[in-house]
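# Structure at a glance
Single-letter residue listing:
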Amino acid sequence: MTGQPAAPDPAVLHPRLPSPLQEVADERFARHGVRLLLKRDDLIHPRLVGNKWRKLAPNLRAAAGRPLLTFGGAYSNHLRATAAAGRLLGLPTIGVVRGQELADRPLNPSLARCTADGMRLHFVDRSTYRHKSDPATLAALLRAADAEGAYVVPEGGSNALAVRGCQDLGAELRGRADVVALACGTGGTLAGLAAGLAPDQRALGIPVLKGGFLEGEIRRLQDQAFGGPRGDWRLDDRFHFGGYARTTPELDAFADDFEARHSLPVERLYVAKLLHGLVALATEGAFPRGTTVTAVITGRPFAEHTA
């Protein structure tokens, strides 16, 4: 319609792309003849960190200025990133939060950050949340949230647009590593990464959730984005440390040690599990001598996010 203001383009936020690639000297890899690189996607943008930028940017363009509605749990990185994008670009955002019981409790720091960035929260019971992809349930949610004209982004931001956005991550790493590894939540980043790598490279996903559902989800996302499977990828689901948002004293000690060794703030829910898994795999001899492994640093600790 003439007279409408142009939809904001995420490029006005000046992302740091391609993100830096940093080699680190770590004897736990070197003693096995393995070279370790860090793909610093955590440095793309202060508030839209890592894979959140790569997945959200194409969806923000597709929204064409409409309000954004998306989904997440009480500690969702994706909800915080969407809220931040809305504030920075002047777009209304609505977050559908799993857990009706949370509506009557004080907001935790993660959800408080969302509301500080202007996101309107709509809490739903866990049964409804599980069926949020059902068309009738989604339509009812949009009505209940007074958001029927909103652009809907799925949980974790993983849809065909996001997967194609993450293909750029693989393209940035072509010829730079033999194995590219990252922590996986919903699988969208791995689906796109694998598609962007060269044929002689492989992608390795470290799931942070239990359940064994991720392989099928990644195949579904690649079907949606590319019409079929792409790239050489696999999963190793031994390093979830009890499931999403769970850590252990062992993992915390590992993350503290990695931070001290390499002056890198280590996010616990995803990145620590990835790095711990890579050290374990190197110790097991999973990487032949002479292998270059790149770990994608998809985020940083919540306290490190700036306004």
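The rules we used
- Residues numbered from 1 in each chain as written.
- Predicted model: local features only at pLDDT ≥ 70, side-chain atom pairs only at ≥ 80, totals over all residues.
- Heavy atoms only, no water.
- Phe/Tyr/Trp six-rings, centres within 6.5 Å; stacked < 30°, edge-to-face > 60°.
- Helix = DSSP H or I, 4+ residues; strand = E, 2+ residues; numbered from the N terminus.
- Buried < 20%, exposed > 50% of the residue type's maximum accessible area, 1.4 Å probe, protein only.
- Lys NZ or Arg CZ within 6 Å of the ring centre and 35° of its normal.
- Pairing = 2+ DSSP bridges.
- Right-handed = clockwise from strand over helix to strand, strands pointing away.

Moving on: the packing of aromatic side chains. Counted by the stated rule, this structure contains two aromatic pairs. Summarising the aromatic geometry, the rings of Phe254 and Phe258 are spaced 6.1 Å apart at their centres and angled 40° between planes, so their arrangement reads as tilted. Residue Phe254 and its partner Phe258 are located together in helix 10 (residues 249-262), separated by four residues, close to a single helical turn. Judged by its relative accessible area of 10%, Phe254 is buried. On the basis of relative accessible area, Phe258 is assigned to the buried category, the value being 1%. Sitting over the ring of Phe302, Arg80 keeps its end group 4.0 Å from the ring centre.

Another point: the pairing of strand 7 (residues 179-184). Among the six residues in strand 7, six count as buried, and that is most of the element. Note: strand 7 against strand 8 (residues 202-207), six bridges, orientation parallel. The residue bridging Val179 from the neighbouring strand is Arg202, located in strand 8. Where the polypeptide runs from strand 7 across helix 8 (residues 188-196) and back to strand 8, its parallel neighbour, the crossover connection is right-handed. With three bridges connecting them, strand 7 and strand 10 (residues 292-296) associate as parallel partners. The partner of Ala181 across the bridge, within strand 10, is Ala295.

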